[in-house]
Amino acid sequence: MRRASLWPLALALFGCAPSAPPVDQTAARVERILGRLQPSIVVVGRPRNHFPIADRMAHHHTPAVSIAIADSGRIVWAGAIGLKQAGGADTVTTGTLFQAASISKPVSATAMLRLVEEGKLDLDSDVNRHLKSWQLPGNRFTEQEQVTLRRIATHAAGLTVHGFPGYAEGDPLPTVPQILDGAKPANTGPVRVDTTPGSIWRYSGGGTTVMQLAMTDVTGRAFPVLLKELVLDPAGMSTSTYEQPLPAARAPEAAAGHKPDGSVVPGRWHTYPEMAAAGLWTTPTDLLRWAFAIAASRRGEPNGLLRKETVDEMLTVQKAPTGIGPFLDGSGAAFNFGHGGSNEGFRSQLTYYPETGQGAALMANSDNGTAVIQELLFAIAEEYGWPGYAPREITPLALDSARLAAVVGEYRVASPPITVLISAEAGRGYLEAPGVVAREEFVFVDSTRVVGVDSGNEFEFELPAGGPAAALRVANLRFTRVRK
């Protein structure tokens, strides 16, 4: 039976920008993108899978996705699919606010660079020079090298605290100095230097929060006001705000966050006083407007958001893989900049190719939203011919039943408390972390290492010779096997 056309749905959800492609061309492209989501992994020897967006949103417990797509330096599609809150009646629109999470960082870095241009901040001097309400404690590491704004924005300052969980509704909110000292009611540890500044790349939302305080200390302005003046208004990001908590008057505009099992985050979302690192409420359309403004400054256009020489530094790798704020990848026509985001109940991604004017911003209101976003990005990249952007191909190791049986079981880690279940079905292996990671198939790529065929995430089993697995390693966590 012929599959029902997705175009009526797409026409209702997507608005074409002025001078966008003709409707018939747009219709065909929307039809293909929404019907051809692709997993992150292509398993050699298997048919290549494509999925309709509704199936993948349901599979990943993702109530809503908002999308904006750029081609030839302009937004050609913008649309939103799904519900602001699972079980509710309010549908999302292109104006619905989502938490951008860590995409807040490059936008905040843009404001920091504007203050550098104005002579109010210095990229390469000791950050304590700019801090008035708090000082970063020195130690033996800072005796060798300084913590600077360049290093902070590049995640090379040697600072601690990777990210922030935010504050649930009703929780007391700490001041920024309390956050930086790890003092109550802050729910994260102190931000400190624990390695020589400039020596390594290590992601630090804590560092970005130091940058936030430096910006407010030197200007005497509240951070949301400062960002509105320096970036949001000049870039045309008219819907966006860094206000935390989100004002009650704007709450109806926002999507609610959702946990991996599809339940609503209590209070609908968390509040992030770490605004520079995680506090931006925005839309995909506004995120692309920021990217356009950066690209225009890179071209040296008059009245740009930043000077060309500043953007050239911003978009040059300082400490791989980052520039001053954004992540960077590729070269020539394939050069692109962007960032991802992960807050409680929200996921987001921005990717832009300044040489070709191609890119996309996508936002989802689910902890599982990364998977839907990535699958959409591959469909968009295929449709528009993005240079060098395609799913990863892997060749699986021939699997015998004994090897699969050796890893089946339950694995646990105490902190954070997570259980991982490994099962087998019809000769294939599956991994699931209830309430955290949806069930997905995995394949062995060598004798101990496996890759999830949906997410592309890698895991490694500790397999003593001739015996069952003793543990499972996921990134820096070791899950001990507790039962077969």
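Residues numbered from 1 in each chain as written. Predicted model: local features only at pLDDT ≥ 70, side-chain atom pairs only at ≥ 80, totals over all residues. Heavy atoms only, no water.

Novice: What should I look at first to understand the overall build of the protein in this one?
Specialist: Looking only at helices and strands, the protein features 13 helices and 19 strands. Taking 484 residues into account, the globule formula puts the C-alpha radius of gyration at 23 Å, and the protein, at 23 Å, falls close to it. By residue count, 54% of the 484 residues in the protein fall in the buried class. For the protein, the proportion of contacts with a sequence separation of at least 24, taken over those separated by at least 6, is 62%. Just so you have it, the protein exposes about 19,700 Å², and 52% of that area is on carbon and sulfur atoms. Averaging the coordinates of the 44 positive side-chain charges in the protein and doing the same for the 47 negative ones gives two points 2 Å apart. (Helix = DSSP H or I, 4+ residues; strand = E, 2+ residues; numbered from the N terminus. Rg over C-alpha atoms; globule rule 2.2 N^0.38 Å. Buried < 20%, exposed > 50% of the residue type's maximum accessible area, 1.4 Å probe, protein only. Contact = heavy atoms within 4.5 Å. Areas by Shrake-Rupley, 256 points an atom, 1.4 Å probe, with all protein chains shown as cover. Lys, Arg positive; Asp, Glu negative; His and termini not counted. Charge placed at Lys NZ, Arg CZ, Asp CG, Glu CD.)

Novice: I'm lost on empty space enclosed by the protein in this one. Help?
Specialist: Think of a ball as big as a water molecule: rolled over the atoms, this probe shows where empty space is left. Taken as a whole and judged by the stated rule, the model has two cavities of 30 Å³ or more. Considered as a void within the structure, the largest cavity measures approximately 60 Å³ in volume. Taken together, Lys105, Ala109, Ile152, Ala153, His155, Thr208, Met211 and Gly325 make up the lining of the largest cavity. (1 Å grid on protein atoms, 1.4 Å probe; cavity = no way out; pocket = protein on both sides within 12 Å on 5 of 7 lines; lining within 4 Å. Points joined across faces, edges and corners; volume = space filled by probe spheres on them.)

Novice: Whenever I open this one, the sheet that holds strand 14 (residues 428-433) confuses me. Can you help?
Specialist: With antiparallel pairing, eight strands are arranged side by side around a closed barrel as 12-13-14-15-16-17-18-19. Along the sheet, successive strands turn relative to each other by an average axial angle of 30°, direction set aside. One ladder, built from four bridges, connects strand 18 (residues 471-474) with strand 19 (residues 477-483); its direction is antiparallel. What sits directly across from Ala471, in strand 19, is Thr480. (Pairing = 2+ DSSP bridges. Axes fitted to C-alpha atoms, helices over the stretch in contact; angles between N-to-C directions.)

Novice: Please clarify how helix 4 (residues 104-117) should be interpreted in this entry.
Specialist: Spacing of three or four residues puts side chains on the same side of an α-helix, whose turn is 3.6 residues. The terminal C-alpha atoms of helix 4 lie 20 Å apart, and with 14 residues this matches the ideal 20 Å at 1.5 Å per residue to within 8%. Gly119, located one to two residues past helix 4, shows a positive phi value of around 80°. (Expected span 1.5 Å × (residues − 1).)

Novice: Whenever I open this one, the pairing of strand 16 (residues 449-452) confuses me. Can you help?
Specialist: A regular strand places its side chains on the two faces of the sheet in alternate fashion. Bridging between strand 15 (residues 437-444) and strand 16 involves three bridges; their strand directions are antiparallel. Among the inter-strand pairings, Phe444 is bridged to a residue of strand 16, identified as Val450. Where strand 15 folds back onto strand 16 in an antiparallel hairpin, the turn is made up of four residues. Bridge count for strand 16 against strand 17 (residues 458-462) is three bridges, and the pairing is antiparallel. Along strand 17, the bridge assignment pairs Val450 with Phe459. Two successive antiparallel strands, strand 16 and strand 17, enclose a turn made up of five residues, where Gly456 displays a positive phi of approximately 80°.

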